[in-house]
Each structure stands twice: as structure tokens, then as C-alpha cells.
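Chain by chain, the residues run as shown.
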Amino acid sequence: MTGESQIPPSGLVCPFEKLRPSQLIRDDAFFMSLAFNLAVDAWRIDEVPIGAIIERGGEIIAAAHNEVERTGDPTAHAEILAITQASKKIGDWRLNDCTLYVTKEPCPMCSGASIMSRLGRVVYAWGDPKMGCMGGATELHSLPKLNHRVTVTRGILEDPCREILQAYFVMKRGKDLAN
Ligand SMILES: [Zn+2]
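Attention in this report is confined to the structure presented alongside it. (Residues numbered from 1 in each chain as written. Predicted model: local features only at pLDDT ≥ 70, side-chain atom pairs only at ≥ 80, totals over all residues.)

**Details of the overall build of the protein chain**
Here's step 1: The helix and strand inventory of the protein chain stands at 5 helices and 5 strands.
Here's step 2: Listed N to C, the secondary structure of the protein chain is α-β-β-α-α-β-α-β-β-α in terms of helices and strands.
Here's step 3: Scaling as 2.2 N^0.38, a compact globule of 179 residues should have a C-alpha radius of gyration of about 16 Å, and the protein chain matches this with 16 Å.
Here's step 4: Seen through its C-alpha atoms, the protein chain measures out along the principal axes to roughly 50 × 35 × 30 Å.
Here's step 5: Among the 179 residues that make up the protein chain, the fraction classed as buried is 39%.
Here's step 6: Of all intrachain contacts in the protein chain linking residues separated by at least 6 positions in sequence, the fraction that spans at least 24 positions is 56%. (Helix = DSSP H or I, 4+ residues; strand = E, 2+ residues; numbered from the N terminus. Rg over C-alpha atoms; globule rule 2.2 N^0.38 Å. Buried ≥ 20, exposed ≤ 12 C-beta atoms within 10 Å, placed from the backbone. Contact = placed C-beta atoms within 7 Å.)

Pasting the structure below:
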């Protein structure tokens, strides 16, 4: 359908198609669909399929996916890259009037970055009971002495965002075992 079924060097072809949300309704599901599409892009270049979008006043000011493998940088998570992009774009490190959409609950590092950048709102698809620090394993944003309060919404487009990540790890494990 898309004609974009590139075969990444690993040979692990992404079985997920990109979503095509209506441009007319710019709700949480719309922006999360775009984050999901970035996760598909990530898989196509052998990165862990997690995508992030930052929205401000209805406009997308940042879009990124994980780039840890390509850059060899363990901090190159989708959220960190998107936060850096957004700050550059608006010329301010404070992102109070911005919303971060990410396909998986932010890890300790990205939850911390969300607080430090004073993001107004974080929306994530599925919770991570192991490493998630915005409700899954713990709630970093609820530290009692924090001045900044970030609003968290969870469960938007949860199924596809979880399925793509789980499928990626199942395929990768299968390949690693075969080698
Ligand atoms: Zn992270």
C-alpha cells in the first residue's frame, strides 16, 4: 500500500503500516498517530520503534524517534530529541505551553527531561511497569517539592503503540537466537 517496505540491514522488515489519521480532527489520537508513524520509521532503520511529537497551539514543532543505535548515544531517546528540537524551534527552553506525545511511557531520563523543560502536558500511549516514571513504575512528576506540574494523560492509541514495540523485540530476539 505504501510502497515503502524498505528492508533494513538487519532483515527485520516492519510488518506495521503507517496510520492515516484525518487532518480535520486534531485531537490526542491525531498527534499520537503521527508519533506512531515515527515509530514505524524507527523500525525501518533498525531503531527501537518509539516515536514522539511535540505540539504547540495545534502546530507540530518537533518530531523524532529513537536514534540510539545510529548515533551510539544512549540518551538519543525520541523524547529527548523532540524536546531539544522544540526548544530550538521556539527559542526558549521552557515548554510550558507544549504537549509531548510519545508512544511509550517516558523512562527515568525522559520523565526528568519533561519536568526540567517544564512541559505543560505529556501524553503517552502505553504504560511501562518496569521503567515508566509517569505512572507505570513510579511518578517522578509527583515529587512533593516540585514547583512545576506537568499534566499526564495515558492510554491514547495504546494497542498499536504497544504491539509495534512488542513485535519488534519478539522478532529481534528470534533473530538473535538464530545467529
Ligand atoms: Zn527515555
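**Some thoughts on helix α4 (residues 108–116)**
Here's step 1: Residues of α4 that are buried include every one of Cys 110, Ser 111, Ala 113, Ser 114 and Ile 115, and no others.
Here's step 2: Directly after α4, the chain includes Arg 118, whose backbone phi takes a positive value near 55°.

**Brief notes about the nonpolar core**
Here's step 1: Ranked by internal contacts, the top residues of the largest apolar core, which has 47 residues, are Ala 35, Ala 39, Ala 52, Ala 82 and Leu 100.
Here's step 2: When contributions to this core are tallied by element, the ones reaching two or more residues are α1 (28–44), β1 (51–56), β2 (59–65), α3 (78–90), β3 (99–104), α4, β4 (121–126) and α5 (158–178).
Here's step 3: Here the element with the most residues in this core is α1; it accounts for 9 residues.
Here's step 4: Leaving out residues up to four positions away in the same chain, Ala 52 has contacts with Ala 35, Leu 38, Ala 64, Ala 78, Glu 79, Ala 82, Leu 100, Tyr 101 and Val 102. (Core = buried A, V, L, I, M, F, W, Y, C linked by C-beta atoms within 7 Å.)

**Here's the deal with the sheet that holds β1**
Here's step 1: One open sheet accounts for 5 strands, arranged β2-β1-β3-β4-β5; its pairing is mixed. Looking at the sheet topology across the chains shown, the edges are occupied by β2 and β5 (151–154). For this sheet, the mean inter-axis angle between neighbouring strands, taken without regard to orientation, is 15°.
Here's step 2: Strand direction decides the pairing type here: β3 and β4, joined by 5 bridges, are parallel. Counterpart to Lys 104 in the pairing with β4 is Trp 126. (Pairing = 2+ DSSP bridges. Axes fitted to C-alpha atoms, helices over the stretch in contact; angles between N-to-C directions.)

**Examining the environment of Thr 99**
Here's step 1: Its place among the elements puts Thr 99 in strand β3.
Here's step 2: Taking the C-alpha atoms as reference points, Thr 99 and Asp 28, separated by 71 residues in sequence, lie 9.7 Å from one another.
Here's step 3: Excluding residues within four positions of it along the chain, Thr 99 makes contact with Ile 54, Glu 55, Gly 120, Arg 121 and Val 123.

**Description of the packing of α1 against α5**
Here's step 1: At their nearest, the axes of α1 and α5 sit 10 Å apart, and the two run at 10° to each other. If you check the angle between α1 and α5, you find them roughly parallel. Residue-level inspection shows Phe 36, Ala 39 and Trp 43 of α1 in contact with α5, the latter providing Pro 160, Cys 161, Ile 164 and Tyr 168.
Here's step 2: For the contact of α1 with α5, the residue count by class is 7 nonpolar, no polar and no charged. (Parallel < 35°, antiparallel > 145°, perpendicular 65-115°, else oblique. Nonpolar A, V, L, I, M, F, W, Y, C, P; charged D, E, K, R; others polar.)

**With respect to unusual backbone geometry**
Here's step 1: Positioned with a positive phi, Arg 118 is a non-glycine residue whose angle comes to about 55°.
Here's step 2: For Arg 118, a count of 17 C-beta atoms within 10 Å translates into the label partly exposed.
Here's step 3: Phi is positive for Leu 157, which is not a glycine, with a value near 60°.
Here's step 4: For Leu 157, the location among the structural elements is in the loop between β5 and α5.

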